[in-house]
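# Structural description and commentary
The primary structure of each chain is shown beneath.
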Amino acid sequence: MIAFLSQFVLAVSMVLCAYGAWYGFRSVRGVYSHGLSSMAESVAIRNSGLVFVLVSLAFGGLAYSFVISDFSVRNVAENSNLNLPLEFRIAATWGSHEGSFLLWVLMFAGWTAAVAWSRFEVSDCFKVRVLSTLQLVQVGFLAYLLMASNPFELLNPMPVDGRDLNPLLQDIIMIVHPPMLYMGYVGFAVTFAFAIAGLLEGRFDMTWARWSRPWCNTAWAFLTVGILLGSWWAYRELGWGGWWFWDPVENASLMPWLSGTALIHSLAVSEKRGALRSWTLLLALTTFALSLLGTFLVRSGVLTSVHAFATDPERGVFILALLFLVVGSSYVLYAMKTGEVGQGGSFKSSGREALLLSNNVLMSAALVTVMLGTLYPLVVEVLNGRKMSVGQPYFEALFVPLLLPALLVMGLGPDSRWRETPVGRMFKPGAVAMVIALLVLGAAAWWESHFSWLWAMGVICAAFLVVSTLSHAWLATHQIGKAKPETGILYRAKRLSLSYWGMVLAHLGVAVFVIGVSWVKTFETETDAVLKPGETSSIGPWRVTFIGVDNVQGVNYQAALGVFELTREEGRTIFLLEPEKRRYPSNQQVMTEAAIHTDWFSDIYVSLGDAVASANGVQTGAWGVRLYYKPLINLIWWGCTLMALGGLLTVFDKRYRSSSSSKRPRKP
């Protein structure tokens, strides 16, 4: 009954979205717009809220089916069993292809409802076009869910027990990672809808950019958190000690992030100066298109990855058709209307606009690099059937040289002025920051007794960005202090906008991230050892002593639990690390659970291998062990966290709050 009712409410949701899109576009078209836009806005708001409630009920129905282990639902039977802990039964709701897409639809409905219920100073016609665009896209997603990826398909007869959730997904991070990632993917649909509405009206002004920015920044922050959690999960769960492998599915999330980063900066120019209008619109369309492309790659079966969901090409055809329909029609509309929009205000090559445009060019070049390395092997396979892969050397050789100059541009940006900047004003602070960055490099090289060009460039660019950002923040607060010298530092900081402090946090996050990457890529060490109880192996500043292995029984697995004693080389600081080798009886999968000890910002990482037997098959008591020392790797996670916090902080800037006392313009 729950499955039937859930499918019914999803079908009703699709009908409501189709009606809302039709009624909205009809009401604001030509002669129909007079007197109907307010009514159409009310209908769109009511529809959006109702669809969100209905989709929430369907999602709740699927979650309840997992909680009570209703194996009459195929999705539950294939992704859960009676021994699965409750928290993973709940997470299994979105642990399959079908359930994850239902979560995608729920997120989409939530974003649409949030736009509908928000107050922002645009015309009624514009808001109706935004909501109608979102509802029209949602029709396609709901149709795919009901026709090609039904999460409520029934089994008859009902099995006694299920197959179990993929052991890779039985991790606490995977409860949070997919919702965060989808919030980012789907959130860019809002800026896409704003762009479509602007193109349909044939105008693009500062108001459009102003009210697009908080939605774009929120989506970008969620996507940043999603990528961070996915990387952290791979580092902890897969047992190979890496945090990014340039896997095609990882790249599928990186591409909209790069495009979204460019869009954030381009929107800043469009809001402040009314410039780069056509470019900003194109980025808004492209960012959501890349989100859909990521969906196709993960769900089409064209990729084999630990991150991919589907191996059913028929579903991929449906998603590909939806991708071409949404993206193709939006680009056609852009080609037809972009001439009416124009590029907007002019600026000099020394202005802040030029620096932000340079940042856009670098981000776009990095995006093309990642896209080429991700899609080219797929194209080759389609054309001649030959499998090939583009690996880490390609991406690092092309991506890194584009990222590092972007840090220098980011450091110079805050010291520049809009339209035109005197050369001395911009480059004098930059020269001081560069001298300090070189001193930092010298100190780091002396401390580590090492020098390599790639590491040196990373240190210089990150230090330059930190010094430039903090010095500008100090000067900005100091300027306020000149006007009111009796005020304290907190008062002065509060006088600066939240958007400014969000920028400071995000830029510092990028610098912290680059420092972490530079150190771990340069100084990480790895050791493979075969140890018997009582034997010791050294790695970095640590000594790892193997104590032994115990057999333990988990809730739904058996495990060999290794016990290792961790001490400093000088004999101080003792910790115990307990990596596991788990076997899940339901599907006979064997998983490696690494043990990680964090020492300030660095990690010692221990992964338990297999028991070692002698030539005649007799167990020797020795076990294979893999040890990693990862200096400053945790700066990677902290850097991403600062970036996400910076993006969210800008959303609360007071200029993005609609004034309750002012009436919104009613002209279409």
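Everything below is about the structure printed above this text.
The present account deals with the structure reproduced in this document. (Residues numbered from 1 in each chain as written. Predicted model: local features only at pLDDT ≥ 70, side-chain atom pairs only at ≥ 80, totals over all residues. Heavy atoms only, no water.)

### Let's talk about the packing of helix H13 (residues 392–412) against helix H17 (residues 498–523)
To keep things clear, this is the line we draw: For helices, the axis comes from a line fit to the C-alpha atoms of the stretch in contact; other axes are also lines fit to C-alpha atoms, and the angle between any two N-to-C directions lies between 0 and 180 degrees. By the criteria applied, helices consist of DSSP H or I runs no shorter than four residues and strands consist of E runs no shorter than two, each listed in order from the N terminus. For any helix crossing, the convention is left-handed if the near helix is rotated counterclockwise from the far helix by under a right angle, and right-handed if that rotation is clockwise. Any pair of residues with heavy atoms lying within 4.5 Å of one another is described as a contacting pair. Throughout this entry, Asp, Glu, Lys and Arg are counted as charged residues, while Ala, Val, Leu, Ile, Met, Phe, Trp, Tyr, Cys and Pro are counted as nonpolar. The remaining residues, Gly among them, count as polar.
The interhelical angle for the contact between H13 and H17, taken along N-to-C directions, is 140°, at an axis separation of 12 Å. You can see that H13 and H17 cross each other, and the crossing is left-handed. On H17, the residues touching Gln392, Glu396, Leu404, Leu407 and Met410 of H13 are His507, Val510, Val514 and Lys521. Of the residues that constitute the contact of H13 with H17, the class distribution is 5 nonpolar, 2 polar and 2 charged.

### Topic: the nonpolar core
Definition in use: In this text, buried Ala, Val, Leu, Ile, Met, Phe, Trp, Tyr and Cys residues form a nonpolar core when linked through side-chain atoms within 4.5 Å. For every residue, the accessible area (1.4 Å probe, protein chains only) is compared with the maximum for its type, and the residue is labelled buried under 20%, exposed over 50%, or partly exposed between those bounds.
Ranked by internal contacts, the top residues of the largest apolar core, which has 145 residues, are Trp104, Phe141, Phe194, Trp208, Trp243, Leu258 and Phe288. Apart from residues no more than four positions distant in its own chain, Trp104 is found in contact with Phe141, Tyr182, Tyr185, Val186, Ser291, Leu292 and Thr295. In terms of nonpolar packing, the next biggest core, distinct from the first, is built from 19 residues, Met426, Ala445, Trp455 and Phe523 among them.

### Some thoughts on the pairing of strand E7 (residues 589–593)
Defined as follows: The pairing criterion for strands is at least two bridges between them, as found by DSSP.
Here strand E6 (residues 580–584) runs beside E7; their pairing, made up of 5 bridges, is antiparallel. Note on E7: the bridge partner recorded for Lys581 is Thr592. Linkage of E6 to E7, two consecutive antiparallel strands, is achieved through a turn of 4 residues, within which Gln588 is found at a positive phi near 60°.

### A closer look at the pattern of salt bridges
Defined as follows: Any Lys or Arg side-chain nitrogen found within 4 Å of a carboxyl oxygen on Asp or Glu counts as a salt bridge.
Within this structure, the stated rule accounts for 15 salt bridges. Close ionic contact of Glu153 with Arg74 constitutes a salt bridge, the shortest N to O distance being 3.3 Å. With a gap of 79 residues between them, Glu153 in the loop between helix H6 (124–147) and helix H7 (173–201) and Arg74 in helix H3 (residues 74–79) connect regions that are remote in the sequence. Judged by relative accessible area, which is 29%, Arg74 ranks as partly exposed. Linking Lys630 and Glu524 is a salt bridge whose minimum nitrogen-to-oxygen distance equals 2.6 Å. Of the two residues, Lys630 is situated in strand E10 (residues 619–630) and Glu524 in the loop between H17 and strand E1 (525–531); the sequence distance between them amounts to 106 residues.

### Topic: helix H18 (residues 634–651)
Heads up, the rule is: Multiply 1.5 Å by the residue count of a helix minus one, and that product is the helix's expected span.
Its 18 residues give H18 an end-to-end C-alpha distance of 27 Å, which sits within 8% of 26 Å, the value for a rise of 1.5 Å per residue. Where H18 is concerned, the buried positions are Asn634, Leu635, Ile636, Trp637, Gly639, Cys640, Met643, Ala644, Gly646, Gly647 and Thr650. Packed against the buried residues of H18 are helix H8 (206–237), helix H9 (248–273), H17, strand E8 (595–599) and strand E9 (602–613).

### Details of the packing of aromatic side chains
Put simply, the rule is: Put simply, two rings from Phe, Tyr or Trp (the six-membered ring, in Trp's case) pair if the centres are within 6.5 Å, and we call them stacked under 30 degrees between planes, edge-to-face over 60, tilted for the rest. Criterion for a charge above a ring: Arg CZ or Lys NZ at most 6 Å from the ring centre, at most 35 degrees from the ring normal.
Following the criterion strictly, the structure yields 33 aromatic pairs and no others. For the pair Phe108 and Phe141, a centre-to-centre distance of 5.3 Å together with 75° between the ring planes defines the contact as edge-to-face. Residue Phe108 is located in helix H5 (residues 97–117), and its partner Phe141 is located in helix H6; the two are separated by 33 residues in the primary sequence. For Phe108, a relative accessible area of 1% corresponds to the buried category. Classification of Phe141 as buried rests on a relative accessible area of 2%. Among the aromatic residues, ring-to-ring pairing joins Phe101, Trp104, Phe108, Phe141, Tyr144, Tyr182, Tyr185 and Phe318 into one connected group. Here the guanidinium or amino end of Arg236 rests over the ring plane of Trp232, the centre of that ring lying 5.7 Å away.

### So, unusual backbone geometry
Look at the link from Asn156 to Pro157: it is a cis peptide, with omega at 5°. Within the secondary structure, Pro157 sits in the loop between H6 and H7. Of note in the backbone geometry, Ser69 takes a positive phi value of approximately 55° without being a glycine. In this model, Trp246 sits at a positive phi of 55°, which is unusual for a non-glycine residue. The residue Trp246 is located in the loop between H8 and H9 in this model.

### What about the side chain of Ser48?
Heads up, the rule is: For this analysis, a polar contact is any N or O atom pair within 3.5 Å, provided that within protein one partner can donate a hydrogen and the other can accept it, and provided that sequence-adjacent residues contribute only side-chain to side-chain pairs.
Mapped onto the elements, Ser48 comes out in helix H2 (residues 37–67). For Ser48, a relative accessible area of 2% puts it in the buried group. Here Gln135 takes part through its side chain, which lies 3.5 Å from a polar atom of the side chain of Ser48. Ser48 has contacts with Thr112, Ala113, Ala116, Leu131 and Gln135, leaving out every residue within four places of it along the chain.

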